[in-house]
Amino acid sequence: MQAFSETWDIAPPTDLDTCPCRHPFRRLEEEEESYILWQTIFTGFVLFIMFAILLLDKLGADSALLMALTAFLASEIITVKEGLAGFSNEGLWTVMILFVVAEGISKTGALDWYVGKVLGRPTNYASAQLRMMLPVAAVSAFLNNTPIVAVMLPIVVKWGRNCNIPVSQLLMHLSYATILGGTCTLVGTSTNLVVSGLVADEYPDDPDVQIGLFSLGLYGVPCAIAGIAYMVLASPYLLPFGTGRRGADNGTTPLSTGEDILLGARVNPWSPAAGRSVKRSGLRDAGGI
């Protein structure tokens, strides 16, 4: 072989570079590049459809995201293990459990009286916004922000009506108060918990990169203070005050204490109450109604 190679005055023929059939590794590389290109196009198409569904608001966000996940699993872009890995994240389960708590509090109205006492009766818009945003931001620093919004939304709407404050001057502040408060601690928002879990999985033996409970407060607290101040100062110029005059029947009319409410109910034929009087059916003892 050595003698044969020495007889060449120039480099040996490189026809292998021009003949793909003699290069199995090159064919594999080309097939891999083609497969990656197909994955990229398909992923972009699925994401476009998913965002279109979210923008049109025809389906819930959970349904749209699950449909996208199913498409990626069916096309084998991700494995089943990768697709289900997110459901084992602690942040996701924290949000799910807090939603159950929020639904129970909302149904029972357990916080209505307490929140009314804490918020009081403000005399102007700025006072109402500060009374609502400061405690909400403080609570959101230690609880997940999404369930807090779910719990406080009906309470703030009722409180604003009783105080003759347009809800347009409160709901945006409620959302941003929870977001700003959630940036102050690790447990304030699910995003922080997810990132903390990913960091712990990636660097399990490096304590210097782990995110502590108050590690974000150095930057989160100043941002929260600046954000609350901006919301209070800019909202009179950027947010509407309702469709009519203050105190008109536009969702801001105060509710009188002990106001009578007319309820209607339809009794199905298979109900035990069918064919009986209200007293005999037991409907008079329906939780104080």
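This is a predicted model, so every value here is computed, not measured.

### Remarks on the overall build of the chain
Next up, step 1: Within the chain one finds 12 helices and 0 strands.
Next up, step 2: Helices and strands in the chain line up, N terminus first, as α-α-α-α-α-α-α-α-α-α-α-α.
Next up, step 3: Here the chain holds 289 residues, and the buried ones make up 25% of them.
Next up, step 4: Residue pairs in contact within the chain that sit at least 24 positions apart in sequence constitute 68% of those at least 6 positions apart.
Next up, step 5: Of the roughly 20,300 Å² of accessible surface on the chain, a fraction of 65% belongs to carbon and sulfur atoms.

### Comments concerning the packing of aromatic side chains
Next up, step 1: By the definition in use, this model includes 2 aromatic pairs.
Next up, step 2: Ring plane angle 15 degrees and centroid distance 5.5 Å describe the contact between Trp 38 and Phe 42, whose orientation is recorded as stacked. Of the two residues, Trp 38 and Phe 42 are both situated in helix H2 (residues 24–56); the distance of 4 residues between them amounts to about one turn of the helix.
Next up, step 3: Here Phe 142 and Phe 214 contribute two aromatic rings whose centre-to-centre distance is 6.4 Å and whose plane-to-plane angle is 70 degrees, an arrangement assigned as edge-to-face. Here the residue Phe 142 occupies a position in the loop between helix H7 (125–140) and helix H8 (145–162), and Phe 214 occupies one in the loop between helix H10 (190–202) and helix H11 (217–238), the gap between them amounting to 72 residues.
Next up, step 4: With relative accessibility at 54%, the residue Phe 214 sits in the exposed group.

### Observations regarding helix H3 (residues 61–74)
Next up, step 1: For H3, spanning 14 residues, the distance from its first C-alpha to its last is 20 Å, which sits close to the expected 20 Å at 1.5 Å a residue.
Next up, step 2: One or two steps after H3, the chain reaches Glu 76, where phi turns positive at roughly 60 degrees.

### Some points on the nonpolar core
Next up, step 1: Met 132, Met 133, Val 136, Met 152, Trp 159 and Leu 170 are the most contacted members of the largest nonpolar core, which totals 26 residues.
Next up, step 2: Taken together, the elements giving at least two residues each to this core come down to helix H6 (112–119), H7, H8, helix H9 (171–182) and H11.
Next up, step 3: Here Val 136 is in contact with Ile 148, Met 152, Leu 174, Ala 177 and Thr 178, once residues within four sequence places are set aside.
Next up, step 4: If you look at the next biggest cluster of nonpolar residues, it comprises 6 residues, including Val 46, Ile 53, Ala 64 and Phe 72.

### Details of the packing of H7 against H11
Next up, step 1: Running from amino to carboxyl end, H7 crosses H11 at an angle of 160 degrees, the nearest separation of the two axes being 10 Å. Between H7 and H11, the crossing angle belongs to the class labelled roughly antiparallel. Where H7 crosses over H11, the two elements pack in a sense that is right-handed. Contacts between H7 and H11 involve Ala 126, Gln 129, Leu 130, Met 133, Leu 134 and Ala 137 on the former and, on the latter, Ile 228, Met 231, Val 232 and Ser 235.
Next up, step 2: Of the residues assigned to the contact of H7 with H11, the class counts are 8 nonpolar, 2 polar and no charged.

### Quick look at the confidence of the model for the chain
Next up, step 1: Per-residue pLDDT for the chain averages 75, and the proportion of residues at 70 or more is 73%.
Next up, step 2: Within the chain, the element-level pLDDT minimum falls on helix H1 (residues 2–6), averaging 47, and the maximum on H9, averaging 89.
Next up, step 3: Low pLDDT, under 50, characterises residues 1–8; the predicted model gives this stretch 1 contact beyond four residues in sequence or across chains.
Next up, step 4: Confidence over residues 243–259 falls short of pLDDT 50; this stretch has 25 contacts with residues more than four positions distant or in other chains.

### Observations concerning a nonpolar patch on the surface
Next up, step 1: Taken together, the side chains of Val 139, Phe 142, Leu 143, Leu 213 and Phe 214 make up a nonpolar region of the molecular surface, amounting to roughly 470 Å² of accessible area.
Next up, step 2: Tracing the backbone through its elements, the reader meets Leu 213 in the loop between H10 and H11.

### Considering the environment of Ala 52
Next up, step 1: For Ala 52, the location among the structural elements is in helix H2.
Next up, step 2: Among the residues examined, Ala 52 registers a relative accessible area of 26% and is labelled partly exposed.
Next up, step 3: Spatially, the C-alpha atom of Ala 52 lies 9.6 Å from that of Ala 64, the residues being 12 residues apart in sequence.

### Thoughts on the packing of H7 against H8
Next up, step 1: The geometry of H7 relative to H8 is characterised by a closest axis approach of 11 Å and an angle of 155 degrees between their N-to-C directions. Considered as vectors, H7 and H8 are oriented roughly antiparallel to each other. You can see that H7 and H8 cross each other, and the crossing is right-handed. Between H7 and H8, the contacting residues are Ala 128, Met 132, Val 136, Val 139 and Ser 140 on the first element and Asn 145, Ile 148, Met 152, Val 156 and Trp 159 on the second.
Next up, step 2: The residue makeup of the contact of H7 with H8, split by class, is 8 nonpolar, 2 polar and no charged.

The rules behind each value
Residues numbered from 1 in each chain as written. Predicted model: local features only at pLDDT ≥ 70, side-chain atom pairs only at ≥ 80, totals over all residues. Heavy atoms only, no water. Helix = DSSP H or I, 4+ residues; strand = E, 2+ residues; numbered from the N terminus. Buried < 20%, exposed > 50% of the residue type's maximum accessible area, 1.4 Å probe, protein only. Contact = heavy atoms within 4.5 Å. Areas by Shrake-Rupley, 256 points an atom, 1.4 Å probe, with all protein chains shown as cover. Phe/Tyr/Trp six-rings, centres within 6.5 Å; stacked < 30°, edge-to-face > 60°. Expected span 1.5 Å × (residues − 1). Core = buried A, V, L, I, M, F, W, Y, C linked by side-chain atoms within 4.5 Å. Axes fitted to C-alpha atoms, helices over the stretch in contact; angles between N-to-C directions. Parallel < 35°, antiparallel > 145°, perpendicular 65-115°, else oblique. Left-handed = near helix turned anticlockwise from the far one by under 90°. Nonpolar A, V, L, I, M, F, W, Y, C, P; charged D, E, K, R; others polar. pLDDT = per-residue confidence, 0-100. Patch = residues over 30% accessible without salt bridge, like charges linked within 9 Å, V, L, I, M, F, W, Y side chains within 5 Å. Salt bridge = Lys/Arg side-chain N within 4 Å of Asp/Glu carboxyl O.

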